[in-house]
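Analysis of the macromolecular model
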Amino acid sequence: MSTIFSQIVEGEIPARIVYEDETTIAFLDANPLAPGHTLVIPKEEYERLNDLPEDVAADLYATIHRLVPAVEDAVDADATTVAFNNGEEAGQEVPHVHCHIVPRFDDDGAGPIHGLFGAPEDLPDDELDEIASEIESRA
Ligand code: 5GP
């Protein structure tokens, strides 16, 4: 079964589409966290960022790069929070990669994405070294 976002791509359900090219599409979020909250997706269905082929990832970023200033200008935002909920445990509800572009305003009180977590973890140096090397060896 195709995702709700694939149904938007196919024109089967309505959406306020703000940009479209061969491989990507952007539309307003149906439950906006702020005026202008926009979603950018690859037209092809991939569940997570980890699943994207490089060319699709490049196309997706190009559209994000284009849309961030467009969204900010359109709603006269001071800034934007640009984020992916990448996986169910991270809060992803629609299993079709999507980037949230959420306009931010001086007085919106929402804070940085650091606010999702409590105090930073106090990890010892040897653990940090090991984690860095584990990531480096896979990058
Ligand atoms: P997630 O939690 O998966 O990162 O975010 C999914 C987003 O998709 C939510 O912000 C939700 O409001 C939005 N959304 C869900 N269904 C629809 C829909 O049918 N149309 C549009 N435009 N947005 C949707």
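Residues numbered from 1 in each chain as written. Predicted model: local features only at pLDDT ≥ 70, side-chain atom pairs only at ≥ 80, totals over all residues. Heavy atoms only, no water.

Turning our eyes to something else, we now look at the overall build of the chain. For the chain, the helix and strand inventory stands at three helices and five strands. Walking the chain from its N terminus toward its C terminus, one meets helices and strands in the order α-β-β-β-α-β-β-α. Structurally, the chain occupies a C-alpha span of about 50 × 40 × 25 Å along its principal axes. Looking at the chain as a whole, 30% of its 139 residues are labelled buried. Element-wise, carbon and sulfur atoms account for 51% of the exposed surface of the chain, whose accessible area totals about 9400 Å². Distance between charge centroids for the chain: 7 Å, based on 6 positive and 32 negative side chains. (Helix = DSSP H or I, 4+ residues; strand = E, 2+ residues; numbered from the N terminus. Buried < 20%, exposed > 50% of the residue type's maximum accessible area, 1.4 Å probe, protein only. Areas by Shrake-Rupley, 256 points an atom, 1.4 Å probe, with all protein chains shown as cover. Lys, Arg positive; Asp, Glu negative; His and termini not counted. Charge placed at Lys NZ, Arg CZ, Asp CG, Glu CD.)

Among the 17 residues in the neighbourhood of the ligand, the closest are listed as Asp29, Asn31, Glu93, His98 and His100. Contact distances for the ligand include 2.7 Å between an oxygen atom and a side-chain N or O atom of histidine 98. Protein chains bury 82% of the 520 Å² of accessible surface belonging to the ligand in isolation. Of all the secondary structure elements, the ones that give two or more residues to the shell around the ligand are α1 (4-9) and β2 (24-28). If one sorts the elements of the shell around the ligand by residue count, α1 sits on top with three residues. The residue makeup of the shell around the ligand, split by class, is nine nonpolar, six polar and two charged. (Near = heavy atom within 4 Å. Polar contact = N/O pair within 3.5 Å; in protein donor to acceptor, adjacent residues only side chain to side chain. Nonpolar A, V, L, I, M, F, W, Y, C, P; charged D, E, K, R; others polar.)

This brings us to the sheet that holds β2. Within the open sheet, the five strands sit side by side as β1-β2-β3-β5-β4. Their pairing is antiparallel. Strand pairing shows two members of the sheet lacking a second neighbour, β1 (17-20) and β4 (79-83), which therefore form its edges. Neighbour-to-neighbour, the strand axes of this sheet turn through a mean angle of 20°, independent of strand direction. As paired strands, strand β3 (residues 38-42) and strand β5 (residues 99-104) are joined by three bridges and run antiparallel to one another. Bridge assignment links valine 40 to a residue of β5, and that residue is cysteine 99. Docked against the sheet, helix α2 (residues 54-75) engages β1, β2, β3, β4 and β5, running at close to 165° with respect to β3. (Pairing = 2+ DSSP bridges. Axes fitted to C-alpha atoms, helices over the stretch in contact; angles between N-to-C directions. Contact = heavy atoms within 4.5 Å.)

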